[in-house]
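Structural characterization, general
As a plain string of letters, each chain reads:
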Amino acid sequence: MIPKKKFQQQSKEFWANIRIISQQVGYTQKRQRSSAKRSSHLELELQSEIKIPTSTEIVTAFEKEELSSEHLISASGKPTPLGKLVLEYFTHRAISLNESVKTFLMNKDQARLLYEKLHRELRPGCPLPLNKQKGEKKAPAYFTGIVNMLIESHAQGLPCDYDPRQLTTITRAGKPFRTMARRVDGAFPSTVDPIAIWEIKEYYYTTTFGSRVADGVYESLLDGMELEELRGEGIEVKHYLMIDDYFTWWECGRSYLCRIIDMLHMGYVDEVLFGREVVDRLPAIVRGWVKTAKKRK
């Protein structure tokens, strides 16, 4: 998923409003109490939808924080120009998640089948790591393997670091200019002056949305903030986030999916790839890296 240009490079003030409204109004539809023991399938679907705040809810949210909402909603109840943009963004975020991202995310069995299909077709030579589970759950890291195979098959033989064991370093005149705070999950063609870096977050065996998963989102945010500083120095490094597992992200972590969409439009990541979306998008992305690499030479 690429960001919608209209919402790119909005002011920090714009995103301050998005965050505080999301915090107060909520990211998803609230579950309604029902006398029936079980909700219908339709009711469960509606309850899982990403929420679009109303003008009234926005006013109430700011009142709770003892803040003015008149810059968004006028005294007559009509949205201001900024308010219209804010409401339009919330609509875009909800539609993107409800209608696209939800359908892209895979479960473990779907990821395994895709992994096995690509393995047969591509006959990869790239690293295919195992997950960090034990016992019966020990298996290939399916999503990471899928990503690695797709990158290798479209990299035209150029090098790629699929498992960096060192920090990403940007150089000038043969000397270190910036070194990033974290190790990333992949770098093309290497961690020294990379064209692109990426993070992969697959959580097929989780039973709840814990702090470890949440930390993964904020790690990518930290990377993005460091890369934003580099852009100010005229240095461009592409930054990607690739995530999967329907249960973890959709059933448990929809609020964090909203945060990821916000992060995408704030410019802290160039593109987010959700689940099976990598099959269609990664080939074109990698061809772009290859083109840049050849220009460098």
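Look up: the structure comes first, before these words.
Residues numbered from 1 in each chain as written. Predicted model: local features only at pLDDT ≥ 70, side-chain atom pairs only at ≥ 80, totals over all residues. Heavy atoms only, no water.

Re the packing of helix 5 (residues 108-122) against helix 6 (residues 142-154)
- Running from amino to carboxyl end, helix 5 crosses helix 6 at an angle of 30 degrees, the nearest separation of the two axes being 9 Å. When the interaxial angle is binned, helix 5 and helix 6 end up roughly parallel. As helix 5 packs across helix 6, the resulting crossing turns out to be left-handed. Judged by residue contacts, Lys108, Ala111, Arg112, Leu114, Tyr115, Leu118, His119 and Leu122 of helix 5 engage Tyr142, Gly145, Ile146, Met149, Leu150 and Ser153 from helix 6. (Axes fitted to C-alpha atoms, helices over the stretch in contact; angles between N-to-C directions. Helix = DSSP H or I, 4+ residues; strand = E, 2+ residues; numbered from the N terminus. Parallel < 35°, antiparallel > 145°, perpendicular 65-115°, else oblique. Left-handed = near helix turned anticlockwise from the far one by under 90°. Contact = heavy atoms within 4.5 Å.)

Some points on unusual backbone geometry
- Omega for the bond connecting Phe188 with Pro189 falls within 30 degrees of zero, at -5 degrees, which places this linkage in the cis form.
- Assignment of secondary structure puts Pro189 in the loop between strand 3 (186-188) and strand 4 (196-202).
- Its identity is not glycine, yet Arg123 carries a phi of approximately 45 degrees, on the positive side.
- Relative to the helices and strands, Arg123 is located in the loop between helix 5 and helix 6.
- For Asp245, which is not glycine, the phi dihedral falls at a positive 120 degrees.
- If you trace the backbone, Asp245 turns up in the loop between strand 5 (238-244) and helix 8 (246-252).
- On the basis of relative accessibility, which here comes to 3%, the residue Asp245 falls in the buried class. (Buried < 20%, exposed > 50% of the residue type's maximum accessible area, 1.4 Å probe, protein only.)

A word on the pairing of strand 5
- Among the seven residues in strand 5, six count as buried, and that is most of the element.
- In terms of strand pairing, strand 4 meets strand 5 through seven bridges, oriented parallel. Across the sheet, Ala196 pairs through a bridge with Lys238, a residue of strand 5.
- Where the polypeptide runs from strand 4 across helix 7 (residues 211-232) and back to strand 5, its parallel neighbour, the crossover connection is right-handed.
- Bridging between strand 5 and strand 6 (residues 271-274) involves four bridges; their strand directions are parallel. Bridge pairing in strand 6 places Leu241 opposite Val272. (Pairing = 2+ DSSP bridges. Right-handed = clockwise from strand over helix to strand, strands pointing away.)

Structural notes on the side chain of Glu199
- With respect to the helices and strands, the residue Glu199 is situated in strand 4.
- For Glu199, a relative accessible area of 1% gives the class buried.
- Filtering out sequence-adjacent residues up to four positions away, Glu199 remains in contact with Arg182, Arg183, Val184, Asp185, Ser220, Asp223, Tyr240, Leu241 and Met242.

Observations regarding the pattern of salt bridges
- Scanning the model with the defined rule gives 18 salt bridges in all.
- The salt bridge involving Arg93 is made with Asp262; its shortest N-O contact spans 3.1 Å. Residue Arg93 is located in helix 4 (residues 81-104), and its partner Asp262 is located in helix 9 (residues 254-265); the two are separated by 169 residues in the primary sequence.
- Between Lys238 and Asp270 there is a salt bridge whose closest N-O contact spans 3.9 Å. Taken as a pair, Lys238 in strand 5 and Asp270 in the loop between helix 9 and strand 6 lie far apart in primary sequence, 32 residues in all. (Salt bridge = Lys/Arg side-chain N within 4 Å of Asp/Glu carboxyl O.)

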